[in-house]
Amino acid sequence: MADSGLLESVLRLVEKVDGGVDSQDVAGGLSVDHQVVVGAVKSLQALGEVIEATQRSSKHWEVTGEGNEILEQGSHEARVFKAIPEEGLPQSELMKLPSGKVGFSKAMSNKWIRLDKGHEGGPRVFRTVDSIEDAVREKLQQVKKGQSSQLEEKEKNELKKRKLLTEVTVKSYWITKGSNFSTTITKQETELTPEMIASGSWREKKFKPYNFEAMGVAPDSGHLHPLMKVRTQFRQIFLEMGFTEMPTNNFIESSFWNFDSLFQPQQHPARDQHDTFFLSDPALAHEFPPDYLERVKKVHSEGGFGSQGYKYDWKIEEAQKNILRTHTTAVSARMLYKLAQQEKFTPVKYFSIDRVFRNETLDATHLAEFHQIEGVVADYGLTLGDLMGVLHQFFTKLGLKKWVEVGNSGVFRPEMLLPMGLPEEVSVIAWGLSLERPTMIKYGINNIRELVGHKVNLQMVYDSPVCRLDS
Amino acid sequence: MPTVGVKRDLLFQALGRTYTDEEFDELCFEFGLELDEITSEKDIISREQGDQKAEGASDVILYKIDVPANRYDLLCLEGLVRGLQVFKEKMEAPRYRRVSPVNGDPQRLIITEDTAGVRPHAVAAVLRNITFTPERYESFIELQEKLHQNVCRKRTLVAIGTHDLDTVSGPFTYTAKAPNDIRFRPLNQSQEYTATQLMSLYKTDSHLRHYLHIIEDEPLYPVIYDSNGIVLSMPPIINGDHSKISVNTKNVFIECTATDLTKAKIVLDMVVTMFSEYCAEPFTVEEAEVVYPDGRMFSYPELAYRTETISADFINRRVGVKESAESIAQLLTRMCLRSEVAGDDGQIQVEIPPTRSDVIHACDIMEDAAMAYGFNNITRTTPRTYTVANQLPLNKLTELLRMDLAAAGFTEALTFALCSQEDIADKLGKNISETRAVHISNPKTAEFQVARTTLLSGLLKTVAANRKMPLPLKLFEISDVVLKDETTGQYVGARNNRRLCAVYYNKTPGFEVIHGLLDRVMQLLEVRPGRKHGYYIQAAEDSTFFPGRCAEIFSHGESVGRLGVLHPDVISGFELTMPCSALEINIEHFL
C-alpha cells in the first residue's frame, strides 16, 4: 500500500477540483512518478467508496534515449557541421566521429556541407554555409515541453522514423470523489481476530472490504468418479422401485450360461470370435446342472416346450467354452434357474449394474468393456403392458424422455424359462441399457475415453457435479 | 439388424401409392421396421469415398430400412411390399405351392459320400418361366447376398448358387474333390483355374477372400457338376461362368449347400417364395429331388405350412389387452399369419407360412398380434409384484467405502478390467505365471490379453496419463480383479475378487500417508490394531516394492493385502518420475 501521506495528498487534490482530475495531472502536481499515483489510486479504491476512479487511456509523444542525447548535444548533422573547421576535414576522419555516418548524409541533404572528391590527399568535406539552425533539436525541445501538438504529424512521424520520438499510450485514471469521500485515511483491518472479539475493539475498526468477485480457495478434497456417481443413482432408483441386487461379481462365464441358457443358437454371430472374448486359460467350464443341460440341449436341437426349436446339432463343447461375459443377462439366467429350483415360486424383481465385455471394433462410443444396467421382473401373468409400464416408471425416474434409444427390453422366451423349470404361467420381463451412454448424454461427453479408463482427465473428475438424474 | 436398401419410387409403385417420408416412417414403425436413412447411391459414395468419386452416380432416392434379424422374408423389395400390402389389408398373403414339372421328371441333385466331411447337405428347386427385368434381377442377386450375410452366417452354414437351367443338364452331382482335381472357368473370369489356383487368386478379392477360410484347410472341396461334367459351382466360394444367369434367363436352377440342413431349407424357401412371383404361374415352384448317399430322397422346396392352435385368452393375458378371438385372428392375418376362429371357446387356428421361419413358438404369434394391435395402443400397467429390495452386501460395502475414501482426500479412478500381460507382470516386477491371471485367446490387441489380477497397474496408468496435474496425486479404486480358482462354485475355473487399491504420488514417497489411509480404512471397517483379533502390518518381500519398504497386511490373522513404497523399476516402468506408495487389500474378507 502507498504511504498514507501520499494518499492524503491525492485526496486533497481531488477535494479541490469539482469535476474530477486525471491521475497524470496529479502526478505532475505532486511531482511524483505516475505509477506511484496509480498505486495510490488502487489503495484508495480498496478503502471503499472514498474515491471513484475510471480507467482511461491517452496517447502522447515521448523523446527517446537517442532523442534526449540530441537535446543535449544537438542533432547528428549539427554535430557534423560543428566538427568541420574552415579548412575542411577529410571524409575518412569525419566518418570516424560518433555522429559521422548519419550526420554526414543528413547535413549533405540539408546542403550545409559539400564533398570535394578530387581533393588532394583524398575526399574532403567543407562547410557551405556559415551558420545553421538545428531544426531537429528544436522540434524535440517542443515535444519535451509538452507542446508536441504544435508539430505537424508528418514531422513527428519523420522523427519517429529516426527513432528519436515514440508514441506511448498512457493508462491513467479519472478520479472523482466517492460517496464516502474524506481527506483523512483510516487504517482498515483485513480480518477479525480473537483479540478484537475479546477486547471489543472491532466496534471502532473499519474492515477492508472483501473482493467478492474473486474465487475462493479450492478445498483439499477427494472426488468420486462421475460414472460411479451415476451408477450410485441407478442403484438408488432400482432400490426405490423394490429391486434386489444380483451378484454379478463373476466376469468369467461359460458360453452355456451366457448364450445357450438364453436360447441363443450356437451359430449366432454374437458367439463369433469377432464379438466375444474367449479364454485360453481356463478354457472350459464344467459341471452344469445335468437335467437342465439336457433340456437346454433338447430345446435347441429338437424343440419342445411348445417350440419348434432351432433343429441343429447342439454341442456341449461349444457350451463349455469360457468367455468374458457379454452381458449381465448371464447372471439373470443363473438367478432365474435358481429361482426355478425353489420349492414354490415367489415373484422377484432383480437388478444389476456391472461390467460386460465385447471383442468389438473400438470407436468414440464403443470400448471393449462397459457397464450394463439390467432390470428383471418375474411373476405370474405379467403382460407387455406391464413391461411398458415398468419401463415408463424407470425412465421417468431417470428424467430421460427419449429412452427408447438408449436401451433394449422384452419378455424372456419360453424356450429359456421352461427348461429352467419355471411355471408356465410365469412371465419374465427385462430391460437393459449401458451405464456409459446415459452418462455421456447427461454430461455432454462425446468420446467415451474421456469418461472411462486410465486416460481420463482427473481435472474432469475433480470438476464433475453431483449426479441428480431427474433434474 | 440387417438393413435393406430399396429404391423409393419402385417401392411406392409396388405399393400402389406414394407416402411422405414421415408417413412412411410411421408405417415402418407400425410394422416393426425402422426407416433408418433416406439417401441415394450418390450420397453414399460421396460420404464414403468423397464427392469426386460420386460424380455421375445415381441420385435415385433410396430408403434404408432396418429389418428385425430373423425376418428373412423382408430382406428384399418383393418381400417388404408383400408384407406391407398384407398388413394394410390391400392383398391376401399368397399361397406358395410346390409343383411337378409339366414335362418329364424333376431335376435331381445327387449327393456323394465325399461331401460328408466338409459340407454334407444340399437342397434345390427350379423357378420355371420367370421374367426378370433389370430391377428384378438386381433384387434377386441382392437377396442372395443379404441371406448369405445373415441366416447363412457369411456362407458358413448355407451357400446359395443360382444357374441358368437351360445351359446345363441334370442330373447334377454334388461331390467333393481334392482342390487340384477341380478345374473350371469361374464366374466372370476368362480362363479356367484349378481350385488351388482359385484360392490364391481370390486371396486379394475384397469380397470373396472372406469366405476362403470356410474350406481352405479341407482336403476335399465341395463341387457341383452337371451330367456333362460342367461345374455349376464350388460352394461356398464361387459359381461357374458357364451356367451364370442373366436378366434374360427363363429357368433358374437353385441349389443351396449347407452344414445346417434346417437353415438350408429356410434359405431355399426364402429365395423361391420371394421370386416365384415373377414366374409364368406366380407363387409356384418346380420341385427338385435330392438324393443322399444312403439312398434317401427328398423333394424340395419344402414350402411347409404349419398350423398352431392358440386361445384368444392366451394372447390377451400375455399382451395385456381384451380383444375378441375374431379381432385377434384379423390382427394375425395382417401379419401374414392366416388365422381363423375355430369353434366358440376362443380358440384360433393360426397358419404359419414358409416365409415366417421366425415363428417357432406361440410367444412369437403373441408378439405379432401385439405389433398389429400397435404397441403404443397397449395400456401401460404396473405389475402388482410386491418385493422387498436387498443390496448385494459386497456392493453395499463398496459404496460405503467409496464415499469415505473420497472424504479421506483420495480421488476415484475407473480403470479397465482387461489389460496386457506386461501391465500385471513385467511392469510390476512379477512373472506372469505367478499372477493367477486368466488369459484371453482371441485379443485383437495387447490391451486385452488378460483380465487384471491387481488394480495397481490401472491406477499407475491413470497417474501416468495425468502427470501434468498438481502433486500430490491421491487415487483409489474399489473394483474386481479376476483370479484363476478351480474351487469356485461357478465351475468356470476363475472368480472375481473385490479389491481396494490406493496410490500416493508425490516428491516424497509418503509411506505414512498410505499407512494412514490403511489405518483409516480399518477404522471404517471396525478393525482395531492388534495381533490376534485386529490388524497389523509386517515386513514382507515383494518385487513390486522397494526392498525394505513393503509390508503385508494381516487382519484377524489372515493376509489381506500389501502396502509399501513402489520399486523404482516399477515407477519407471509406468513412465513415472516421482516416488509413489501404494496399498491394495481384498475387501471380501470384511464382509
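Sequence order sets the numbering: in each chain, residues are counted from 1 along the sequence as written. In the order they appear in the text, chains get letters beginning with A and ligands get numbers beginning with 1. Totals for whole chains, interfaces and linings use every residue, but because this is a predicted model, local features are given only for residues with pLDDT of at least 70 and side-chain atom pairs only at 80 or more, for both listing and counting. Side-chain metrics in this entry use all non-hydrogen atoms of the structure; hydrogen atoms and water are not considered.

1. Some remarks on the interface of chain A and chain B
- On the chain B side, the residues contacting the 96 residues of chain A number 81 residues.
- Both sides of the chain A and chain B interface together cover about 7400 Å² of buried area, and 55% of this is carbon and sulfur.
- Take a side-chain nitrogen of Lys or Arg and a carboxyl oxygen of Asp or Glu: if they are within 4 Å of each other, that pair is a salt bridge. Linking chain A to chain B there are five salt bridges.
- For Arg355(A), the salt bridge identified is with Glu477(B), shortest N-O distance 3.6 Å.
- Polar contact is the term for a pair of N or O atoms within 3.5 Å; when the atoms are in protein, one must be able to donate a hydrogen and the other to accept it, and sequence-neighboring residues count only if both atoms are side-chain atoms. Linking chain A with chain B are 53 residue pairs in polar contact (both at pLDDT 80 or more).
- Under the scheme used here, helices are H or I runs from DSSP no shorter than 4 residues and strands are E runs no shorter than 2 residues, and both carry numbers assigned from the N terminus. The element that contributes the greatest number of residues to the side of chain A that touches chain B is helix α16 (residues 384-398) of chain A, accounting for eight residues.
- Only Asp, Glu, Lys and Arg are considered charged in this grouping, and only Ala, Val, Leu, Ile, Met, Phe, Trp, Tyr, Cys and Pro are considered nonpolar; every other residue, Gly among them, is considered polar. By residue class, the composition of the side of chain A that touches chain B is 40 nonpolar, 36 polar and 20 charged.
- Here two bridges tie strand β11 (residues 279-281) of chain A to strand β22 (residues 439-440) of chain B, and the two strands are oriented antiparallel to one another. What sits directly across from Asp281(A), in β22(B), is His439(B). Note on definitions: a residue-residue contact is assigned when non-hydrogen atoms from the two residues lie within 4.5 Å. Simply put, the buried area is the total loss of 1.4 Å probe accessible area from both parts when two parts are fitted together. Strand pairing is assigned whenever DSSP detects at least two bridges linking the two strands.

2. A closer look at α16(A)
All names here are of chain A.
- To estimate how far a helix should extend, the number of its residues minus one is multiplied by 1.5 Å. Between its first and last C-alpha atoms α16 spans 21 Å; for 15 residues at 1.5 Å apiece the expected length is 21 Å, and the two agree.
- Residue exposure (1.4 Å probe, protein chains only): buried if accessible area is under 20% of the type maximum, exposed if over 50%, otherwise partly exposed. Of all 15 residues in α16, 11 are buried, a share of seventy percent or more.
- When we look at burial in α16, the residues that qualify are Leu384, Gly385, Asp386, Leu387, Met388, Gly389, Val390, Leu391, Phe394, Phe395 and Leu398.
- Where α16 begins, one side-chain oxygen reaches toward the backbone nitrogen of Gly385, 3.2 Å away; that side chain belongs to Thr383.
- Taken from the residues just after α16, Gly399 is the one with a positive phi, measuring 75°.

3. A short note on the packing of helix α9 (residues 312-319) of chain B against helix α11 (residues 362-373) of chain B
Residue and element names in this part refer to chain B.
- Lines fitted to the C-alpha atoms define the axes, with helices restricted to the stretch that makes contact. Angles between their N-to-C directions range from 0 to 180 degrees. α11 packs onto α9 with a crossing angle of 70° between their chain directions and a minimal axis gap of 10 Å. As summarised for this structure, α9 and α11 are arranged roughly perpendicular, according to the angle between their axes. Where α9 crosses over α11, the two elements pack in a sense that is right-handed. In contact with Phe314, Ile315, Arg318 and Val319 of α9, α11 contributes Ala362, Ile365, Met366, Ala369 and Ala370. Angles below 35 degrees are treated as roughly parallel, those above 145 as roughly antiparallel, those between 65 and 115 as roughly perpendicular, and all remaining angles as oblique. Helix crossings fall into two classes, left-handed where the near helix is turned counterclockwise from the far one by less than a right angle and right-handed where it is turned clockwise.

4. Quick word on the state of the cysteines
Residue and element names in this part refer to chain B.
- Criterion for a disulfide: a pair of cysteine sulfur atoms at a distance within 2.5 Å. If you walk through the whole model with that rule in mind, you get zero disulfides over all chains.
- As a non-bridged cysteine, Cys256 has Cys152 as the owner of its nearest cysteine sulfur, 7.1 Å distant.
- With no disulfide of its own, Cys550 lies closest to Cys501 among cysteine sulfurs, the gap being 13 Å.

5. Here's the deal with empty space enclosed by the protein
- With a 1 Å grid spanning the protein atoms alone, the term cavity applies to any set of points in which a 1.4 Å probe fits but cannot get out, the term pocket to an open set with protein on both sides within 12 Å along at least five of seven lines, and the term lining residue to any residue with an atom within 4 Å of a point. Grid points are joined across faces, edges and corners, and a volume is the space filled by probe spheres set on the points. This model, assessed by the stated rule, comprises six cavities of 30 Å³ or more.
- Taken as a whole, the largest cavity spans an internal volume of roughly 210 Å³.
- Lining the largest cavity are 20 residues, and of these Arg231(A), Asp354(A), Thr398(B), Ile478(B) and Arg498(B) sit closest to its centre.
- Those elements giving two or more residues to the lining of the largest cavity turn out to be α11 (226-240) and β13 (348-357) of chain A together with α12 (393-407) and β24 (473-484) of chain B.
- A per-element tally of the lining of the largest cavity places β24(B) first, with four residues.
- Partitioning the lining of the largest cavity into residue classes produces six nonpolar, four polar and 10 charged.
- Each pocket or cavity is described by its volume, and for the second largest cavity that value is around 110 Å³.
- In terms of lining, the second largest cavity is formed by 13 residues, of which the most central are Asp73(B), Arg82(B), Tyr96(B), Cys336(B) and Thr355(B).
- Counting residues per element, the lining of the second largest cavity draws most heavily on helix α5 (residues 77-87) of chain B, which supplies four residues.
- Considering only residue class, the lining of the second largest cavity consists of eight nonpolar, three polar and two charged.

Function cannot be read off these values alone, since they describe shape.
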